Every structure is written in structure tokens, then in C-alpha cells.
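# A closer look at the structure
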Amino acid sequence: MSTKKAEKVKLSKDGSSIDFVQSDSLPTSTKKFRQSPEIEGFYRFIFENDLRAEGAEILDKIIQRRKDERDEATRNARKAKKQ
């Protein structure tokens with residue numbers, strides 16, 4: 001692990017909390033996003049605290065909510081186009 005990554009993610013000594021220092025810019029590609037220090041630290045926190053099932057459940061809920069919002073926006077756009 002490089003020194004730069006260690007500065008971005010800080011875990012408490014007992015492992016009960018995680019502190020992120022956000023980077024200045026958002027990654028432009030999926031690969032870069034997955035390798036960003038914030039996401040890497042999040043994955044490490046999930047793994048080290050055996051929260052994989054809970055993490056998957058949360059991500060499933062987020063994905064479903066975004067899909068529902070996208071579907072609603074599509075329906076609204078179709079309604080507006082008909083009028």
C-alpha cells in the first residue's frame with residue numbers, strides 16, 4: 001500500500017469506524033473509480049469487519065432505488081412528450 005493511499009483512508013484502532021478524506025476530483029472511468037482510495041478503503045472496511053452480506057443488501061437497495069427513479073423519469077418524459 002502506498003503512502004498516499006494510507007493518508008486518504010483512516011480506520012480507527014478498534015475497527016469500529018472509518019474516516020475518509022475525499023479526493024479533489026472524481027474518477028472518470030469505472031476502473032479508476034474502483035481503484036480510488038475511498039472505494040478501496042470502503043471495500044477493505046467491509047471485508048475486515050465481515051459485513052459482506054450487509055454491504056450487498058445495501059448496494060441492492062441503492063441500485064433498485066436508482067432504477068425506480070430512472071423509470072419514473074422516463075414515464076414523466078413520455079407523459080410530457082404526449083402533451
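Everything quoted here is computed from the prediction, not taken from an experiment.

### What about the overall build of the protein chain?
- A tally of helices and strands in the protein chain yields four helices and two strands.
- Element order for the protein chain, N to C, with α for helix and β for strand: α-β-β-α-α-α.
- Across the 83 residues that make up the protein chain, the buried fraction comes to 13%.
- Taking the intrachain contacts of the protein chain between residues at least 6 apart in sequence as the baseline, contacts between residues at least 24 apart amount to 35%.
- Carbon and sulfur atoms make up 53% of the accessible area of the protein chain, which totals about 7400 Å².

### Details of the pattern of salt bridges
- Taken as a whole and assessed by the stated rule, the structure comprises six salt bridges.
- In this structure, E40 and R44 form a salt bridge, with 3.2 Å as the shortest nitrogen-oxygen distance. Of this pair, E40 and R44 both sit in helix α3 (residues 37-48), four residues apart, which is roughly one turn of that helix.
- Its salt-bridge partner being R65, residue E69 comes within 3.5 Å of it at the nearest N-O pair. Placement of both E69 and R65 in helix α4 (residues 52-82) is noted, with a separation of four residues, approximately one turn of the helix.
- You can call E69 partly exposed: its relative accessible area is 48%.

### Some points on the confidence of the model for the protein chain
- Residues with a pLDDT of 70 or more make up 71% of the protein chain, whose mean pLDDT is 78.
- The element-level mean pLDDT for the protein chain is lowest in helix α1 (residues 3-8), coming to 47, with α4 highest at 91.
- Within the model, pLDDT remains below 50 along residues 1-6, and this stretch shows three contacts once partners closer than five positions in the same chain are excluded.

### A look at the packing of aromatic side chains
- What the rule picks out here adds up to one aromatic pair.
- Ring geometry for F42 and Y43: centres 6.1 Å apart, planes at 45°, overall tilted.
- By relative accessible area, F42 is classed as partly exposed at 34%.
- Taking relative accessible area as the criterion, Y43 reaches 46% and is therefore assigned partly exposed.

The rules behind these values
- Residues numbered from 1 in each chain as written.
- Predicted model: local features only at pLDDT ≥ 70, side-chain atom pairs only at ≥ 80, totals over all residues.
- Heavy atoms only, no water.
- Helix = DSSP H or I, 4+ residues; strand = E, 2+ residues; numbered from the N terminus.
- Buried < 20%, exposed > 50% of the residue type's maximum accessible area, 1.4 Å probe, protein only.
- Contact = heavy atoms within 4.5 Å.
- Areas by Shrake-Rupley, 256 points an atom, 1.4 Å probe, with all protein chains shown as cover.
- Salt bridge = Lys/Arg side-chain N within 4 Å of Asp/Glu carboxyl O.
- pLDDT = per-residue confidence, 0-100.
- Phe/Tyr/Trp six-rings, centres within 6.5 Å; stacked < 30°, edge-to-face > 60°.

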